Amino acid sequence: MSQRGAPHDEPNRDALDPFGAATHAVFNQPTELADCDLFGGDAALQEGVAREGGGWASNELTALGARLGSAETLELGALANRYPPELDTHDRYGNRVDLVRYHPSYHQLMRLAVEQGLHASPWAEPRPGAHVARAARYYMQAQIEAGHGCPITMTFAATPSLAKEPEIAKHWLPKIYARVYDPRNIPAADKQGLTIGMAMTEKQGGSDVRANTTRATARGHDAMGEAYELVGHKFFVSAPMCDAFLTLAQAPGGLTCFLAPRWRPDGTKNPIQIVRLKRKMGNVSNASSETEWRGALAWRVGPEGRGVATILEMVAATRFDCMIGSSAGMRMAAAQALDHCRQRKAFGALLIDQPAMRAVLADLALEAEASLALTLRVARALDNRAADPREDAFARIAAPLGKYWICKRTPAHAYEAMECLGGSGAMEDSPMPRLYREAPINAIWEGSGNVQCLDVLRAISRAPQALEAYFAEIDSARGANRALDAHAAALKGDMRDLDDFEERARDLCDRLALALQASVMVRNAPAASADAFCAARLEGRGARNWGALPKGLDLAAIVKRALPR
Ligand SMILES: Cc1cc2nc3c(=O)[nH]c(=O)nc-3n(C[C@H](O)[C@H](O)[C@H](O)COP(=O)(O)OP(=O)(O)OC[C@H]3O[C@@H](n4cnc5c(N)ncnc54)[C@H](O)[C@@H]3O)c2cc1C
């Protein structure tokens, strides 16, 4: 932690400048939030990890929290976005290369993420609480920088689908599981560690991938399985330097999932050609490309015609990571706001002690804590789902709900946190603009808002036990908070009739998500935070602006708990 305090009162100018030429002294400006401990300085995270079954990882998380919060690591996040990736389609001799060059800081962040096993640890080293421990590590890492999380998440999410194909699994999984980041642009067979991307979205349809027009033609069996050739385009392919891409294409039997390598096993380049890199509002460190597939080799993953079913598990994992990533963004935004306001004075008092600002800060802190608490609860469900059908049913509904709600709350949260820093918050050398521009992205990809709401409906209509598991979770907090009891009772009534669910999807999913967050908070958070969350979010006022909290809450306690140092 930085030892420098912030001087609030103007120093004696004559003493500083005997010749009288200085225009001013810098005072009442905060020191940067750096060299802080992202685990030790986050009570909600420490408690959540222990509660949900990841307590065994706390030593490792403690060491990691200090490393990630160091000024040096924070700087990597800034640099990776200041110097965006660049595409070389050809080399100087005219050969097609499709090479994306990244700033070294991006590679350092990737290495850090892979060495922590963020891309595979629950599959490679399964144990109770593995998802919770990974979620905590990812949560801290994502506070530093979001863009490199994209290939990390895609690798993590693709693995369960690949594991189902024995030949692919034999060749690819050991190097995916390795905690080695190997960015070299060479065939997978010659590398020590591999990453996997995804190529689903086409111009005519992203949410509705059944509209894909990329064609797959069978080319017989080889050492890796059933080989095909793919011809078509993909409108979004992020992290195009990944070693292979989980791809959807139309085979004779219908929409099918494939694994397409960047290099063919014979050492020649697989013709997946990058047309251009997208110019994005956020997620700048992560290259996202448009690609053409000109007879690219790919191996079938799952049966022909079962493409959507094959990627379902993958989709659930990417959505879960969006919950982690957006919760992390909110934590960093709230931490920046809190840390600034505890050092900056206006009208004679620290901002953090000004009642109007304290209400805003408390509200931002509540949102971040409730998002993290729900995320870690879902992580536990992922850990337990194989052994416990109720946890599986719960995860089926809680993951799309959480993805929808947490990602939706993040942009407004980022904006309000930015405003807490005043003008400095809008400056590009502050982390706030990056957090702000990053905030909407998670809501859009991996199933945008409405698509998540419709997935909640699908979960409920296909498996009624999902809604039962959901209400069992809410009811486990029954009697502890009047507002939550009333909210849950009304919700149960409204959920009995799902006839016009699509039209009411936003209203119902908002309320379902809020009840879930409230129940996790009521059961686990300190009374000051849980009471404030329920009063603010379930009794109507929270629907207005940040800081519009009811009377009589212990805002000082909420703010103190959330202080990052
Ligand atoms: C930065 C970035 C990186 C990306 N990287 C990748 C990648 O690596 N690989 C990849 O495959 N894709 C990637 N994508 C694409 C992303 O997954 C799609 O943009 C997303 O799935 C939405 O598809 P779409 O853009 O075609 O929008 P559409 O499907 O046209 O959706 C537009 C809107 O309509 C809504 N909608 C859709 N269906 C319904 C319905 N039935 N009822 C009501 N509303 C509906 C959606 O919620 C959305 O708000 C990336 C996107 C971004 C922004």
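The structure presented is a predicted model; accordingly, all values stated were derived computationally and were not measured.

Visitor: So what exactly am I meant to see when it comes to the site of the ligand here?
Guide: The environment of the ligand is made up of 20 residues, and the closest members are M200, T201, G206, S207 and S238. For the ligand, a nitrogen atom lies 3.1 Å from a polar atom in the backbone of F236. One of the backbone nitrogen or oxygen atoms of S238 is found 2.7 Å away from an oxygen atom of the ligand. Out of a free accessible area of 980 Å², the ligand has 66% covered by protein chains. Of all the elements in the fold, those that place two or more residues in the shell around the ligand are β3 (196–199), β5 (225–238) and α15 (449–462). A breakdown of the residues in the shell around the ligand according to their chemical character gives 10 nonpolar, eight polar and two charged.

Visitor: Would you mind going over unusual backbone geometry with me for this structure?
Guide: Peptide bonds are mostly trans, and most non-glycine residues show a negative phi. Residues other than glycine seldom take positive phi values, yet D98 does so here, at roughly 50°. By the element assignment, D98 lies in strand β2 (residues 96–101). Notably, F347 is not glycine yet its phi reads approximately 50°, a positive angle. Tracing the sequence through the fold places F347 in the loop between β10 (345–346) and β11 (349–350).

Visitor: Before we go on, may I ask you to explain the packing of helix α11 (residues 355–384) against helix α19 (residues 527–538) in this structure?
Guide: A packed helix pair is summarised by two numbers, namely the angle formed by the two axes and the spacing between the axes. At a minimum axis separation of 10 Å, α11 and α19 run at an interaxial angle of 100°. Between α11 and α19, the crossing angle belongs to the class labelled roughly perpendicular. Where α11 approaches α19, its residues D363, L366, E367, E369 and A370 are matched on the opposing element by S529, A532, F533 and R537. Taken together, the residues of the contact of α11 with α19 break down into four nonpolar, one polar and four charged.

Visitor: I'm lost on the packing of aromatic side chains in this one. Help?
Guide: Geometrically, a pair of aromatic rings is defined through the distance of the ring centres and the angle of the planes. Taken as a whole and assessed by the stated rule, the structure comprises six aromatic pairs. Between Y228 and F258, the ring centres sit 4.9 Å apart and the planes meet at 65°, which makes this aromatic pair edge-to-face. One end of the pair, Y228, is in strand β5; the other, F258, is in strand β7 (residues 254–261), with 30 residues separating them in the sequence. On the basis of relative accessible area, F258 is assigned to the buried category, the value being 0%. With a centroid separation of 4.9 Å and an interplanar angle of 80°, the aromatic rings of Y470 and F471 are classed as edge-to-face. Residue Y470 is classed as buried on the basis of its relative accessible area of 0%. On the basis of relative accessible area, F471 is assigned to the buried category, the value being 10%. Over the aromatic face of F235 sits the side chain of K278, whose NZ or CZ is 3.4 Å from the ring centroid. When the ring centre of F236 is taken as origin, the NZ or CZ atom of K278, which lies over that ring, is 4.1 Å away.

Visitor: So what exactly am I meant to see when it comes to the packing of α11 against helix α12 (residues 389–420) here?
Guide: Closest axis-to-axis distance for the α11/α12 pair is 9 Å, and the angle between their directions is 155°. Between α11 and α12, the crossing angle belongs to the class labelled roughly antiparallel. Two packed elements cross with a definite hand, and for α11 against α12 that hand is left-handed. Classifying every residue of the contact of α11 with α12 gives 16 nonpolar, five polar and six charged.

Visitor: Sorry, what's going on with helix α7 (residues 130–144) here?
Guide: Its 15 residues give α7 an end-to-end C-alpha distance of 22 Å, which sits within 8% of 21 Å, the value for a rise of 1.5 Å per residue. Most of α7 is tucked away: 15 of the 15 residues are buried.

Visitor: Is there a simple way to explain the side chain of Q336 in this structure?
Guide: Tracing the backbone shows Q336 in helix α10 (residues 307–341). Residue Q336 is classed as buried on the basis of its relative accessible area, which comes to 11%. Beyond its immediate stretch of four places on either side in the chain, Q336 contacts L33, L421, P431 and M432.

Calculation rules
Residues numbered from 1 in each chain as written. Predicted model: local features only at pLDDT ≥ 70, side-chain atom pairs only at ≥ 80, totals over all residues. Heavy atoms only, no water. Near = heavy atom within 4 Å. Polar contact = N/O pair within 3.5 Å; in protein donor to acceptor, adjacent residues only side chain to side chain. Areas by Shrake-Rupley, 256 points an atom, 1.4 Å probe, with all protein chains shown as cover. Helix = DSSP H or I, 4+ residues; strand = E, 2+ residues; numbered from the N terminus. Nonpolar A, V, L, I, M, F, W, Y, C, P; charged D, E, K, R; others polar. Axes fitted to C-alpha atoms, helices over the stretch in contact; angles between N-to-C directions. Parallel < 35°, antiparallel > 145°, perpendicular 65-115°, else oblique. Contact = heavy atoms within 4.5 Å. Phe/Tyr/Trp six-rings, centres within 6.5 Å; stacked < 30°, edge-to-face > 60°. Buried < 20%, exposed > 50% of the residue type's maximum accessible area, 1.4 Å probe, protein only. Lys NZ or Arg CZ within 6 Å of the ring centre and 35° of its normal. Left-handed = near helix turned anticlockwise from the far one by under 90°. Expected span 1.5 Å × (residues − 1).

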